[in-house]
Every structure is written in structure tokens, then in C-alpha cells.
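Remarks on the overall topology
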Amino acid sequence: AAARVLLRDYFADRAASAAPGSAFACGFAYRHFKETVNAGLYEEAAASRGRLAGVYRERFGRDFGLEAEKPDLEAGRPIPFNLTGALFFSGILELNGLRRPGRAAAHFAAAEAAANLLQGGQNPYGLRDGETADLAIQSRRHLPMALAMSADAEPEPVARPQATRPRRGGMFKRFLRS
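Just so it is clear, the structure is predicted and the values come from calculations on it, not from any experiment. (Residues numbered from 1 in each chain as written. Predicted model: local features only at pLDDT ≥ 70, side-chain atom pairs only at ≥ 80, totals over all residues. Heavy atoms only, no water.)

1. Quick word on the pattern of salt bridges
Quick note on the threshold: Criterion for a salt bridge: a side-chain nitrogen of Lys or Arg within 4 Å of a carboxyl oxygen of Asp or Glu. Going along the chain from the N terminus, every DSSP run of H or I of four or more residues is numbered as a helix, and every run of E of two or more is numbered as a strand. The cut-offs for exposure are 20% and 50% of the maximum accessible area for each residue type, with area from a 1.4 Å probe on protein chains only; residues under the lower value are buried, those over the upper are exposed, and the others partly exposed.
Scanning the model with the defined rule gives 8 salt bridges in all. Taking the shortest distance from any N to any O, the salt bridge between Lys34 and Glu131 comes out at 2.6 Å. Highlighted residues: Lys34 in helix 2 (residues 23-38) and Glu131 in helix 6 (residues 130-149), separated in sequence by 97 residues. Looking at Lys34, the relative accessible area reads 26%, which means it is partly exposed. One connected set of salt bridges, linked through shared partners, spans Arg4, Arg8 and Glu35.

2. Concerning the packing of aromatic side chains
Worth spelling out the cut-off: Stacked, tilted and edge-to-face are the three classes applied to pairs of Phe, Tyr and Trp rings, where Trp contributes its six-membered ring and a pair requires centres within 6.5 Å; stacked means planes under 30 degrees apart, edge-to-face means over 60, and tilted covers the rest. We count a charge as sitting over a ring when the NZ of a lysine or the CZ of an arginine lies within 6 Å of the ring centre and within 35 degrees of the ring normal.
Under the counting rule described, the total for this entry stands at 9 aromatic pairs. Ring geometry for Phe11 versus Phe28: centroids 6.0 Å apart, planes at 50°, classification tilted. Taken as a pair, Phe11 in helix 1 (residues 2-17) and Phe28 in helix 2 lie far apart in primary sequence, 17 residues in all. Pair check on accessibility: Phe11 and Phe28 agree, each one buried. Their ring planes at 90° and their centres at 5.7 Å tell us that Tyr56 and Phe64 sit as a pair that is edge-to-face. Neither residue differs from the other here; Tyr56 and Phe64 are each classed as buried. Among the aromatic residues, those joined into a ring-pair cluster are Tyr10, Phe11, Phe24 and Phe28. Its guanidinium or amino end placed over the ring of Phe28, Arg14 lies 6.0 Å from that ring's centre, counting from NZ or CZ. Sitting above the plane of the Phe28 ring, Arg31 keeps its charged end 5.4 Å from the centroid.

Given below as C-alpha cells:
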């Protein structure tokens, strides 16, 4: 546990020492937010999410609604490479820490939408960032749970539901003989 405290402090210090809005600050602010959520330090995570939103404002001119009731994604505008993770962990913070399942659902749906935007612009041969793909799947799994826990009306969907299909051959399919 002490090692995790050192790691969180390291992430926070590196993010604070970086030029505001730099890729460096963006990466370390995200890592700190992710680590605090995973540790269940929700009060610290809420403050960390605010710092990450500030880095996004500096770098991209907007914070993507990271702290809002409904995240803000626009296709065609640049988005942070770690936005899927930021939205997923924001959903976990909303669900487990702040006990706002309606907001959590909106963040999980936005995380999946962000993953689709990010992966759509990646390598056409199917090479993908593993964390983005994994967190899109986790967002898809958490969304129904958050909706079921919500006493609020179902949020307006940010992402279209997608049916899961079994993978057959993946990116190497073209090399396999029939």
C-alpha cells in the first residue's frame, strides 16, 4: 500500500511540474486520476478529476464535460488519447464514490463513444490501444448496472448500443488459409 501512495504522489508531482496543457501533463494527470479511483480514494479522485479537466481545457480548449452531468463529445474535433479511460473512471467515481448512477451511466456511454471515435482514427489494419478497447468493453458492461441503480429517468444515449460478435481471426485473418 505504501508503494501505491508513492506512485500516486509521483503522478501528482509530475503532472504539477509539467507545462500546463502539455501531453506530459495530460498523461500524468490521467494516471493520477485513474490510480485514485482504483484505490477507492473518491474524495481525492474528485479533486484529481478536476485537475485533469483543467489540463484538457488548456490542451484542447474544452474539458469534454468530464465533471458535468453529461459529457460533451463532438466528432471531428481532436480528443485526448486517454479520454475513454477518463470517462470510464469518472463513471466509476460517480457510481461508487459520489453515488450518482445517472451521471455514471452517461459517463460510461460517453466512454464507449470516445473509444469508437479514437479507434476509428487508429491504424486501419486493426492495431489498437489495448486500454481503450478494454475500457470500452468495461463501460458497456457497467452501463446497464448504472441504469438499473438510477432512480432518474434513463439518460439520453451518447453511444449506440453495439451487439458483441465473436472474433474470427482478427487482424491476421487475411493470413489464414481457408
